[in-house]
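These are the residues of each chain, in order.
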Amino acid sequence: MALNILIVDDSPVMRSFIRKAISLTGLDVGDCYEAGNGEDALRSLTGQWVDLILTDINMPEMNGEELIGRLEADDLLRSIPVIVVSTDATQGRVERLMTMGARGYVTKPFLPETLRDEVEKVLGIAHA
Amino acid sequence: MPERNAERNYDQMFAEAVGSVLETMFFTAPLGPAEDGSGGACMGARVAFRGIPSGQVRLCLSEGSAQLLAAGFLGEDEESLSPEQTGLVVCELANMLCGSLLSQLESQGHFDLAAPQLEGDAPPPLEQAPVATQSFELENGVLQVALYLESAA
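Residues numbered from 1 in each chain as written. Chains lettered and ligands numbered in written order. Predicted model: local features only at pLDDT ≥ 70, side-chain atom pairs only at ≥ 80, totals over all residues. Heavy atoms only, no water.

K.L.:
For this particular structure, what's the right way to read the UniProt feature "domain: Response regulatory" (unreviewed entry) in chain A?
P.N.:
Mapped onto the present numbering, the UniProt feature "domain: Response regulatory" (unreviewed entry) falls at residues 4–123 of chain A. Along residues 4–123 of chain A, the helical share is 45% and the strand share 21%, with 12 Å between the first and last C-alpha atoms. (UniProt positions renumbered as here; feature names shortened; annotations may be inferred. Helix = DSSP H or I, 4+ residues; strand = E, 2+ residues; numbered from the N terminus.)

So this is what it looks like as structure tokens:
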């Protein structure tokens, strides 16, 4: 079944890069939605369901930490797996976000293979 | 002796950060060290960070290199890129270099990064000197990276 993915990042060029990286992973991807911050992401989720959220941390208006907190507080939305895609690779940040509810973490810079491996691990997909 | 070790570590940190970011996300690699200040007109960008320590990372990238890197990052022809797109990619480069340097500087630390700021071709001078700076020869110019740390009160 094709995966519908929401990419949350305040940089349009980074969203474009992640979208291209996903297309290179070989994963079966259906619709790919984009949001510029956590608020946009929550708004987007009222209109369509996604199977996975890839989110940055540092964003204006609502950052990635707040977004994860809001998702976790929602009975329905908390079931959507979140993978953080961030430049911040400090151990404290990774541990904090994983404790908050993130299921995976990919540090920029990353290779498409790294993103694929993390998506497969989080979603429990066996690599073809 | 400790100062010399620190200098050597900064050199290594810069080389690892620049090499890793350029090779992984921009599909190019630094050709080697460059002389400071060489390369002519440049695009500047900076990312401020708060934590222990606080400071900022600034970069200055030759215009030709900026276009080449933006094209590699976005997978498009250089001619089709707008100046805005190139500027956004330079900001992302600064963002990733900052994150990479901080994770090497204090992997156990906690930092908050501000949004990257484009500084154009005439970056405003800072009052303080960088704790480390390094220049890299790229295919179409030079990338200069500088790390500034606020001194503890």
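K.L.:
Could you clarify how one ought to interpret the nonpolar core in this entry?
P.N.:
Grouped burial of nonpolar side chains is what soluble globular proteins tend to show. Counting 61 residues, the largest nonpolar core has F26(B), F73(B) and L93(B) as the members making the most contacts within it. Tallying contributions element by element places helix α3 (residues 83–105) of chain B first for this core, with nine residues. Setting aside residues no more than four positions away along its own chain, F26(B) makes contact with V21(B), L69(B), G72(B), F73(B), V89(B), L93(B) and M96(B). Formed by 21 residues, the second largest nonpolar core is a distinct cluster that contains V8(A), L45(A), I53(A) and I80(A). (Core = buried A, V, L, I, M, F, W, Y, C linked by side-chain atoms within 4.5 Å. Buried < 20%, exposed > 50% of the residue type's maximum accessible area, 1.4 Å probe, protein only. Contact = heavy atoms within 4.5 Å.)

K.L.:
Help me understand the UniProt feature "modified residue: 4-aspartylphosphate" (unreviewed entry) in chain A, please; the structure alone is not making it clear to me.
P.N.:
Residue and element names in this part refer to chain A. In the numbering adopted here, UniProt assigns the feature "modified residue: 4-aspartylphosphate" (unreviewed entry) to D56. Here D56 is to be found in the loop between β3 (52–55) and α3 (64–72). Contacts of D56, omitting those with residues within four sequence positions, involve V8, D9, D10, G64, V85, S86 and K108.

K.L.:
Help me out: how do you make sense of the layout of surface pockets in this one?
P.N.:
Over the atoms, a rolling probe the size of a water molecule traces out where space has been left empty. What the largest pocket holds in volume is close to 220 Å³. Taken together, 16 residues line the largest pocket, and the ones lying closest to its centre are D10(A), N58(A), E92(B), A115(B) and P116(B). The element contributing the most residues to the lining of the largest pocket is α3(B), with four residues. Here the lining of the largest pocket is built from residues that sort into eight nonpolar, five polar and three charged. (1 Å grid on protein atoms, 1.4 Å probe; cavity = no way out; pocket = protein on both sides within 12 Å on 5 of 7 lines; lining within 4 Å. Points joined across faces, edges and corners; volume = space filled by probe spheres on them. Nonpolar A, V, L, I, M, F, W, Y, C, P; charged D, E, K, R; others polar.)

K.L.:
Would you take a moment to explain helix α5 (residues 112–123) of chain A for this structure?
P.N.:
Note that an α-helix has 3.6 residues per turn; residues three or four places apart therefore point the same way. Residue and element names in this part refer to chain A. An ideal rise of 1.5 Å per residue puts 16 Å on 12 residues; α5 measures up with 16 Å between its terminal C-alpha atoms. Three or more residues of α5 are buried, namely P112, L115, R116, E118, V119, E120 and V122. On its buried side, α5 packs onto β1 (3–8), α1 (12–24), β3, β4 (82–86) and β5 (104–107). Backbone geometry just downstream of α5 places G124 in the positive-phi region, at approximately 70 degrees. (Expected span 1.5 Å × (residues − 1).)

K.L.:
Got a minute to help me understand the packing of α3(A) against helix α4 (residues 91–100) of chain A in this structure?
P.N.:
Two quantities define a packed helix pair, namely the angle between the axes and the distance from one axis to the other. All names here are of chain A. Packing of α3 against α4 leaves a shortest axis separation of 9 Å and a crossing angle of 20 degrees. Here α3 lies roughly parallel to α4, going by the angle between them. Where α3 crosses over α4, the two elements pack in a sense that is left-handed. Here E65, I68, G69 and E72 of α3 come into contact with α4, specifically with R93, R96, L97 and M100. (Axes fitted to C-alpha atoms, helices over the stretch in contact; angles between N-to-C directions. Parallel < 35°, antiparallel > 145°, perpendicular 65-115°, else oblique. Left-handed = near helix turned anticlockwise from the far one by under 90°.)

K.L.:
Would you mind going over the packing of aromatic side chains with me for this structure?
P.N.:
Note on aromatic pairs: each is described by the distance of the centres and the angle between the planes. Within the structure shown, the criterion is met by four aromatic pairs over all chains. Residues F17(A) and F110(A) carry aromatic rings whose centres are separated by 5.8 Å and whose planes lie at 80 degrees to one another, so their mutual orientation is edge-to-face. Of this pair, F17(A) sits in helix α1 while F110(A) sits in the loop between β5 and α5, and the two are 93 residues apart along the sequence. The class for F17(A) is buried, based on a relative accessible area of 6%. Between F17(A) and F73(B), the ring centres sit 4.7 Å apart and the planes meet at 20 degrees, which makes this aromatic pair stacked. On the criterion of chain membership, the pair formed by F17(A) in helix α1 and F73(B) in helix α2 (residues 63–74) is interchain, its members lying in two chains. Taken together, the aromatic side chains of F17(A), F110(A), F26(B) and F73(B) make up a single cluster linked through ring pairs. (Phe/Tyr/Trp six-rings, centres within 6.5 Å; stacked < 30°, edge-to-face > 60°.)

K.L.:
When you look at the state of the cysteines in this model, what are you seeing that I'm missing?
P.N.:
Simply put, disulfide is the name for a covalent bond between the sulfur atoms of two cysteines. Residues and elements named next belong to chain B. Across all of its chains, the model carries one disulfide over all chains by this definition. For C42, the disulfide goes to C60, at an S-S distance of 1.9 Å. One quick way to see it: the torsion about the S-S bond of C42 and C60 is about -70 degrees, and its sign makes the bridge left-handed. Of the two residues, C42 sits in strand β2 (residues 42–50) while C60 sits in strand β3 (residues 55–62), which places them 18 residues apart along the sequence. Here C91 stays free of any disulfide, with the sulfur of C98 as its closest cysteine sulfur at 12 Å. (Disulfide = S-S within 2.5 Å.)

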